[in-house]
Amino acid sequence: VICVLAGGVGAAKLLRGFELLGLDEEVVAIVNTGDDDEFYGLHVSPDLDSVTYALAGLSNDELGWGVRDESYRAIEMLSRLGDDAWFTLGDRDLGTHLYRTRRLLEGAHLSEVTDEIRLAHGIGTSIVPMSDTPVRTMVRATTTRDSADEMTLRFQEYFVKHRHQPWVRSVGYEGAEGAHVPERAILALQQARLVVIAPSNPVLSIGPLLAIKEIRTTLIERRDAVVAVSPLIGDRALKGPADANLHALFHESTSATVASFYLDFCRQMLIDPADAPAANAIRALGVEVHTTPTIMQSDDDKITLARLLAAHQ
Ligand code: GDP
């Protein structure tokens, strides 16, 4: 088993690499659900869907989220009816949320529904939500770095409505304490020959998984098998606020900041050549470093990185 701790798009690209390598049946992705929320009466699971759509070959690479060949007629109608429809969902994408919501209302667990959706798409990779009960990432932030107008935002309010512009003061993970981690996830973590922490936002995408004690404790036990791929390229996020979040919370944003955030359970880290200056600081923390190109644009990039990880000792 290769177990991959996953956020959204960065993780999805790596999982696609394993799939293209033909290792999909061996891979179990444990996916962040801290970004989940209810919109228009529907249960939306952005990271589960990013991973699923990427593995189904359906992702919208131009937008970076959602499904390709998409239209937005339903949301247009919602706006016309007076709904403040700030969270855009495409028409094809809505089909997923309709299905998921109905199954949850029927009493199915999120992990069961996720598996049904994956099977319907013919995906071999196991996709497992980190929790069957709600865990919600809550962001406490101020409008700017210097203002004192602290507000508590649900993840999607911070990320989409406020375009991740507010200055993050702290992050909480509501429900993490009583989270019900699917057994499949814990078994995969325990049995994996390799545990990969995907290149995802450490605080907002991997943080929710780490906030769940059962996951964190198991990871610590498996430290020798854990390899993290840094989500930073030359100290910067390729997209999104990962660098700003690290800076706000830890006063610096380098791959060494990421390594120290993962320190308890991370034996090795892959960093991009652009981050070679951070290598010594990472080694000083007691984490082994390997430098290799980590930007996954083409399928070849994804395969190369996945192959390197799969061959890792
Ligand atoms: P989400 O899609 O918004 O959930 O975002 P992710 O959780 O995937 O995290 C975004 C982070 O992943 C950013 O810090 C990006 O720099 C990083 N990321 C995205 N794609 C890649 C990639 O191809 N290589 C590397 N090394 N990092 C990436």
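For the structure, see preceding data.
The structure displayed is predicted, hence computed values, not measured ones.

(A) Geometry of the sheet that holds strand β1 (residues 2-6). The strand order across the open sheet formed by 7 strands is β5-β2-β1-β9-β10-β13-β14, and the pairing between neighbours is parallel. Only two strands of the sheet have a single neighbouring strand rather than two, namely β5 (126-129) and β14 (288-291). Going across the sheet, the axis of each strand differs from the next one's by a mean of 20°, ignoring polarity. Summarising the sheet, strand β10 (residues 226-229) and strand β13 (residues 268-271) pair through 3 bridges and their orientation is parallel. Residue pairing for β13: Val227 is matched across the bridge by Gln268. Against the sheet, helix α7 (residues 183-191) contacts β1, β2 (27-31), β5 and β9 (194-197), and its axis sits at roughly 125° relative to β2.

(B) Geometry of the site of the ligand. Within the structure, the ligand sits among 20 residues, and Val9, Ser205, Pro231, Leu238 and Thr294 are positioned closest to it. The backbone of Val9 places a nitrogen or oxygen atom 2.7 Å from an oxygen atom of the ligand. A distance of 2.7 Å is found between an oxygen atom of the ligand and a side-chain nitrogen or oxygen belonging to Ser205. Within the complex, 94% of the 580 Å² of free accessible area of the ligand lies under protein. For the shell around the ligand, the element with the highest residue contribution is helix α1 (residues 9-20), accounting for 3 residues.

Cut-offs and rules
- Residues numbered from 1 in each chain as written.
- Predicted model: local features only at pLDDT ≥ 70, side-chain atom pairs only at ≥ 80, totals over all residues.
- Heavy atoms only, no water.
- Pairing = 2+ DSSP bridges.
- Helix = DSSP H or I, 4+ residues; strand = E, 2+ residues; numbered from the N terminus.
- Axes fitted to C-alpha atoms, helices over the stretch in contact; angles between N-to-C directions.
- Contact = heavy atoms within 4.5 Å.
- Near = heavy atom within 4 Å.
- Polar contact = N/O pair within 3.5 Å; in protein donor to acceptor, adjacent residues only side chain to side chain.
- Areas by Shrake-Rupley, 256 points an atom, 1.4 Å probe, with all protein chains shown as cover.

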